[in-house]
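A closer look at the structure
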Amino acid sequence: MYKNLAATLVAACCFSPVFAQTKAPVEAPVVAPLKAAFVYVAPLTDAGWVRQHDEGRKAVEAALGSQVKTTFVENVAEGPDAERVIRDLAQQGHQLIFTPSFGYMEPTLKVAAEFPNVKFESVTGYKTAPNVAVSNARYYEGRYLAGVAAGRLASQAGYVAGFPIPEVLQGINAFALGMRSINPKAELRVIFLGEWFNPPRERDAAMTLMNQGAEVLAFHTGSTAVMVAAQERGKLAVAYHSDMRKVAPDAQVAAVTHLWGDYYTRRAKAALDGSWKTERLWGGVKDGMIRVDHFGPKVPAKVRDEVLARQKDIAAGKLHPFAARADVKDNEGRVVIAKGQTLADEAILNMNWLAEGVLGKLPR
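Residues numbered from 1 in each chain as written. Predicted model: local features only at pLDDT ≥ 70, side-chain atom pairs only at ≥ 80, totals over all residues. Heavy atoms only, no water.

Here's the deal with the confidence of the model for the protein
Averaged over all residues, the pLDDT of the protein equals 92, while 92% of them reach at least 70. In the predicted structure, residues 1–26 sits below a pLDDT of 50 and forms 58 contacts with residues beyond four places in sequence or in another chain. (pLDDT = per-residue confidence, 0-100. Contact = heavy atoms within 4.5 Å.)

Here we look at the packing of aromatic side chains
A complete count under the given rule lists 14 aromatic pairs for this structure. With a centroid separation of 6.1 Å and an interplanar angle of 50°, the aromatic rings of Tyr263 and Tyr264 are classed as tilted. A residue is classified by how much of its surface remains accessible, and Tyr263, at 5% relative accessible area, is buried. Grouped by ring-pair contacts, the aromatic residues Phe38, Phe98, Trp260, Tyr263 and Tyr264 constitute a single cluster. Over the ring of Trp282 we find Arg138; its NZ or CZ atom is 4.0 Å from the centre of that ring. Directly above the ring of Tyr240 sits Arg143, whose terminal nitrogen or CZ lies 3.5 Å from the centroid. (Phe/Tyr/Trp six-rings, centres within 6.5 Å; stacked < 30°, edge-to-face > 60°. Buried < 20%, exposed > 50% of the residue type's maximum accessible area, 1.4 Å probe, protein only. Lys NZ or Arg CZ within 6 Å of the ring centre and 35° of its normal.)

Things to note about helix α2 (residues 49–64)
If you check α2, its first and last C-alpha atoms are 23 Å apart, about what 16 residues at 1.5 Å a residue would give, namely 22 Å. Regarding α2, the residues found buried are Trp49, Val50, Arg51, Gln52, His53, Asp54, Gly56, Arg57, Val60 and Leu64. (Helix = DSSP H or I, 4+ residues; strand = E, 2+ residues; numbered from the N terminus. Expected span 1.5 Å × (residues − 1).)

Details of the packing of helix α5 (residues 139–153) against helix α6 (residues 166–182)
To describe two helices that pack against each other, one gives the angle between their axes and the distance between the axes. Close contact between α5 and α6 brings their axes to 6 Å; oriented N to C, the two are set at 35°. In this structure, α5 meets α6 at a crossing whose hand is right-handed. On α6, the residues that touch Tyr139, Tyr140, Arg143, Tyr144, Ala146, Gly147, Val148, Ala150, Gly151 and Arg152 of α5 are Glu167, Gln170, Gly171, Ala174, Phe175, Leu177, Gly178, Met179, Ser181 and Ile182. (Axes fitted to C-alpha atoms, helices over the stretch in contact; angles between N-to-C directions. Left-handed = near helix turned anticlockwise from the far one by under 90°.)

Some points on unusual backbone geometry
Despite not being glycine, Asn75 shows a phi value in the positive range, around 60°. Among the secondary structure elements, Asn75 is positioned in the loop between β3 (68–73) and α3 (80–91). A positive phi is found at His294, a non-glycine position, where the angle reads about 55°. As for its position among the elements, His294 is in the loop between β13 (290–293) and α10 (301–315).

A closer look at the environment of Ala77
Note on placement: Ala77 falls in the loop between β3 and α3. Ala77 gets classed as partly exposed once you look at its relative accessible area, which sits at 38%. A C-alpha to C-alpha distance of 7.7 Å links Ala77 and Ala42, two positions 35 residues apart in sequence. Leave out the neighbours within four places in its chain, and Ala77 touches Ala82 and Tyr104.

Observations regarding the pairing of strand β7 (residues 156–161)
Most of β7 is tucked away: six of the six residues are buried. Along β7, one buried face is formed by Gln156, Gly158 and Val160 and the opposite face, lined by Ala157, Tyr159 and Ala161, is buried too. Pairing of β7 with strand β8 (residues 187–192), which is carried by six bridges, proceeds in the parallel orientation. Looking at the pairing, Ala157 lines up with Leu188 of β8. On the question of chirality, the crossover connecting β7 to the parallel β8 by way of α6 is right-handed. One ladder, built from five bridges, connects β7 with strand β9 (residues 216–220); its direction is parallel. Paired with Val160 across the strands is Phe219, a residue of β9. (Pairing = 2+ DSSP bridges. Right-handed = clockwise from strand over helix to strand, strands pointing away.)

Quick notes on the pattern of salt bridges
Should their charged atoms come close, side chains of opposite charge can pair. Within this structure, the stated rule accounts for 22 salt bridges. Across the pair Asp243 and Arg245 runs a salt bridge, and its minimum N-O distance is 2.9 Å. Classification of Arg245 as partly exposed rests on a relative accessible area of 34%. Salt-bridge contacts for Arg266 lead to Glu279; the nearest nitrogen and oxygen are separated by 2.8 Å. Of this pair, Arg266 sits in helix α9 (residues 261–273) while Glu279 sits in strand β12 (residues 279–283); the two residues are 13 residues apart in sequence, bridging distant segments of the chain. According to the relative accessible area criterion, Arg266 is partly exposed, its value standing at 35%. Each of Glu83, Arg87, Lys110 and Glu114 takes part in one network of salt bridges that share partners. (Salt bridge = Lys/Arg side-chain N within 4 Å of Asp/Glu carboxyl O.)

Laid out in structure tokens, this is it:
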């Protein structure tokens, strides 16, 4: 996955964060059942990134019933393996193929050029084609809310991260800003792993951060290992992608939950009725794609209510995680958001700094 880092850093200036459609010929409706396929970058487990996308697949089945037939392939590595699997699915007659991983973007585009009558959904990609749409979520909104909860419960936090790409940095900085909106002296230590899914290494990083004083953990990786580690050590942790109370019933503060069912269903319906067009979507709390919920037993009701109130403010456009009431500085003392300003989407998508209170430097 690391080979995709440079491309990801460039992606921000190419990705339009609003609904946009490019002109394409009007197509005839698909004769049901629509054959839809999903490609997963990691094993399908009880919680995590892949689980939430599979919940989206199930939502499509529940909404459309006999009008759709879905299938999935799990644990497909980015690169040549992904291209092979995506091409095979197209050759099998699937009419709509979802590829939810950034490293699937180029393989998706390559196969899409070979199968112009197949529709592709590149999730977290940024390049479109007449038969390739892209989508992503504003994960940083949920991260900010989780930081608010963490700030009420602790002053020292740790963060296990995959790669130092803009999407990850957005989450780290939003979490730190949320935490420091409650406790201006709060600190956040980060460990970058250089991979998305490696439970033993995720666990080791979590243990290291707790040994360094972290009272609450967050993560941007693909397994539940960080949650399990926090549960074992009697610490707190914020679940990512999905509810993880099953493995961390006492440790979980809340879950930053990804919700793909509505989007996937809408796109499948469009493929069925002939209205499908390529589009770009960067949706967040107000779009129902991100939600903070599933609070754990150690979170006081007042904290839960505060987080939920701020979540409503984000949905209503009254609160933005990267709006500055005072100058926002990076951890080297440079002003990155001036007082009274709100970071524009382009700047968020190109984020390459760590906020004040985040300890350490970005790996090169």
